[in-house]
Amino acid sequence: MVELRVQEHQVLLGLEKNGGKASVEQLIITSSLSDAAVMRNALTLQENSLLNIHAATQNVIKLTDEGKVYAKSGLPERKLVLAVAEMGGLADLRVAAEKAGLQPEFIQIALGWVIRKKWATFSGQSNVIKLSEELVGDLVVFEGCDEELLKFLIGREQSTLDELSEAFKVEAEQLKKRKLVVIELRTTRFLQITEAGRAALAEGKMVEQEVTQLTPELIITGKWRTAKLQKYNIEAPVAKTWSGKKHPYLSFLDKVREKMVTLGFQEMMGTSVETCLFNFDALNIPQDHPAREASDIYYIKEPKCGDISGHHAVVERVKQTHENGGQTGSTGWGYKYTFEAAQRLILRGHGTCLSARTLASKGLQVPSKYFSIARVYRPEIVDRTHLSEFNQVEGIIVDPDLNLRDLLGVLGKFAMEIAGASKVRFKPDYFPFTEPSVELSAYKEGYGWIEFGGSGIFRPEVTQPLGVGDVPVIAWGLGVDRLFMMHSGIEDIRMIFCSDLDWLRRKQVT
């Protein structure tokens, strides 16, 4: 004997009352259950072959709010010709529109439909509208097919296109273009009881009311001991839900930061707006260098200059180094250094400016390790591997015993552990602030080679003016966006900052 739960019994009984077949909407009324309860129990009954669920798709038409107004008060063109008729069949358009009570924005719309329906003619030169002769006397009782459709729909919550005549179907498309009706594809579900369902309803035993959740009352009174608890099928399919989570790229940056801190690095912090002193001058980049052109860096319009008075000693040493080499053993760049150019404010073009500030700070320790994850800005042409606004992971290590081999070892470990690269390669490069300088590229199986950025050992022209002296400082600045690309198998850097919900939901950072 089949045991039916109370709500299952109600659904089957509701179907029998409707002749064995009914829509979900009909069952809601018949069984007094919610739509969710009807479908939940219907799915269980279908699993037990006690009913079948069928779906029918139909085009449903209903009035918009504007359509409801016109269905009751009349279309704008109807109001206009009625006003003309009352004025003898010939009238000035503005006067007729005012008599019809039309707003200025609806006058041309009404006139257009009047002419289209051949209810009247209009002279643009005299601004006169004249009623068509065949409508004189019959206009009050004459009704267009579109108006008939509006009145047909006004008393209905919704109708299907199948219920309409062919003439009404044509008008329905016109009214849709006028945004007076909406036509939507709706799926209606019908439930049909099976012979097994009828047998279960006739012979089956209805179980007592089941408890769906424990309440304080059930626990306090002890009724939970005798209550029948509803069983749940935990393997039943459910709708997929998407919980809120941090953006995959932000999670990746957190992991990079965690890795660096675990390795003993201290994080360097700074603002996006920087002076040319630390973005260029302190890094041995001359004030006439092409990288400082407006086509290669973003200059701040207001204020144009920042305050560098707190770094007077650094500025003086940098000035001497640029002009004649100072105490570095270099000949310098041989030009007249200006404080005005050093104060100029820009959006930082690389994270190395944070390294320069750190080396110039009083709290610098030797030996020590520092890193930063900095947003930087350059007027780049945006493509699959370049952005005009991107992130760099910057790092420096200050230690008397460092050499180039140490730098290469750090970079290789970084690329393999952070980006998941399988091998790395280095090639000589040139930067005004490092010597030797190397460029890092990494390879991942199935992904290929990708360039990450530059590195090297800071030149004396950088370290001595900043007060570090002869202690070696190895440094690197890598595109962390590209690290994430290799880590996640992304081929277009723009994908990182897109709003593709499907990718964001599927992407997990490991």
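Structure shown above.
These numbers come from a predicted model, not from an experiment.

A. Expanded view of the packing of aromatic side chains. Considering all chains together, one arrives at nine aromatic pairs under this definition. For the pair Y249 and F497, a centre-to-centre distance of 5.7 Å together with 80 degrees between the ring planes defines the contact as edge-to-face. Taken together, the residues span a long stretch of sequence, with Y249 in helix α12 (residues 248-262) and F497 in the loop between α19 (480-488) and α20 (501-506) at a distance of 248 residues. The interplanar angle of 45 degrees and the centroid separation of 5.3 Å between the aromatic rings of Y443 and W449 together place this pair among those described as tilted. Since its relative accessible area comes to 34%, W449 is described here as partly exposed. Aromatic ring contacts, followed pair by pair, group Y249, F252, F484 and F497 into a single cluster.

B. Quick look at the sheet that holds strand β7 (residues 159-160). Spatial strand order, β2-β8-β3-β7: four strands in an open sheet with antiparallel pairing. Only two strands of the sheet have a single neighbouring strand rather than two, namely β2 (21-23) and β7. In this structure, β2 lies alongside strand β8 (residues 181-193), joined through three bridges in antiparallel fashion. The partner of K21 across the bridge, within β8, is Q192. Against the sheet, helix α1 (residues 6-17) contacts β2, β3 (51-63) and β8, and its axis sits at roughly 105 degrees relative to β8.

C. Structural detail: the pattern of salt bridges. Per the counting criterion, the structure on display carries 21 salt bridges. A salt bridge links E86 to K99; the nearest nitrogen and oxygen atoms lie 3.5 Å apart. One end of the pair, E86, is in helix α5 (residues 76-86); the other, K99, is in helix α6 (residues 93-100), with 13 residues separating them in the sequence. Measuring nitrogen to oxygen at the nearest pair gives 2.8 Å for the salt bridge that ties K413 to E417.

D. Spatial organisation of the sheet that holds strand β17 (residues 448-458). If you trace the seven strands from one edge of the open sheet to the other, you get β10-β13-β14-β18-β17-β16-β15, paired in mixed fashion. Only two strands of the sheet have a single partner each, and these edge strands are β10 (266-267) and β15 (423-428). Here strand β13 (residues 368-377) runs beside strand β14 (residues 389-398); their pairing, made up of 10 bridges, is antiparallel. Following the sheet pairing, F371 is matched in β14 by G395. Its contacts with the sheet place helix α16 (residues 352-360) against β13, β14, β17 and β18 (473-479), and it is angled at close to 35 degrees to β14. Set on the sheet, helix α17 (residues 404-418) makes contact with β14, β15, β16 (434-444), β17 and β18; between it and β18 the angle comes to about 30 degrees.

E. Just helix α8 (residues 145-154), in detail. Along α8, the positions that sit buried rather than exposed are D146, E147, L149, L150 and L153. Mapping the buried residues of α8 onto a view down its axis gives an arc of 160 degrees, with all of them on the same face. Buried residues belonging to α8 abut β3, α4 (65-73), α5, β7, α9 (166-177) and β8.

F. Looking closely at the packing of α12 against α19. The interhelical angle for the contact between α12 and α19, taken along N-to-C directions, is 105 degrees, at an axis separation of 11 Å. For the element pair α12 / α19, the angle class is roughly perpendicular. Residue-level inspection shows P248, Y249, F252, L253 and V256 of α12 in contact with α19, the latter providing V480, D481, L483, F484 and H487. The residue inventory of the contact of α12 with α19, partitioned by class, reads eight nonpolar, one polar and one charged.

G. Structural detail: unusual backbone geometry. In the segment running from E302 into P303, the intervening peptide bond is cis, with an omega of -5 degrees. Cis geometry marks the peptide bond from V366 to P367; its omega dihedral reads 0 degrees. As for its position among the elements, P367 is in the loop between α16 and β13. For N284, which is not glycine, the phi dihedral falls at a positive 65 degrees. In this structure, N284 sits in the loop between α13 (276-279) and α14 (312-324).

H. Examining helix α7 (residues 104-116) more closely. Turning to α7, its buried residues are I107, A110, L111, W113 and V114. Down the axis of α7, the buried set is contained in an arc of 170 degrees. They therefore lie on one face. Opposite its buried face, α7 presents the exposed residues E105, Q108 and R116, each directed more than 90 degrees away. Elements that come into contact with the buried residues of α7 comprise α5, α6, β5 (120-123), β6 (128-131) and α9. A positive backbone phi angle near 60 degrees is found at K118, which sits one or two residues after α7.

I. The side chain of R482, seen in detail. Here R482 is to be found in helix α19. With no salt bridge to any partner, buried R482 finds its closest opposite charge in E451, at an N-O distance of 4.6 Å. Each residue touching R482, except ones within four places of it in the same chain, is listed here: T385, H386, I450, E451 and F452.

What counts and what doesn't
Residues numbered from 1 in each chain as written. Predicted model: local features only at pLDDT ≥ 70, side-chain atom pairs only at ≥ 80, totals over all residues. Heavy atoms only, no water. Phe/Tyr/Trp six-rings, centres within 6.5 Å; stacked < 30°, edge-to-face > 60°. Helix = DSSP H or I, 4+ residues; strand = E, 2+ residues; numbered from the N terminus. Buried < 20%, exposed > 50% of the residue type's maximum accessible area, 1.4 Å probe, protein only. Pairing = 2+ DSSP bridges. Contact = heavy atoms within 4.5 Å. Axes fitted to C-alpha atoms, helices over the stretch in contact; angles between N-to-C directions. Salt bridge = Lys/Arg side-chain N within 4 Å of Asp/Glu carboxyl O. Arc of directions from axis to C-beta. Parallel < 35°, antiparallel > 145°, perpendicular 65-115°, else oblique. Nonpolar A, V, L, I, M, F, W, Y, C, P; charged D, E, K, R; others polar. Lys, Arg positive; Asp, Glu negative; His and termini not counted.

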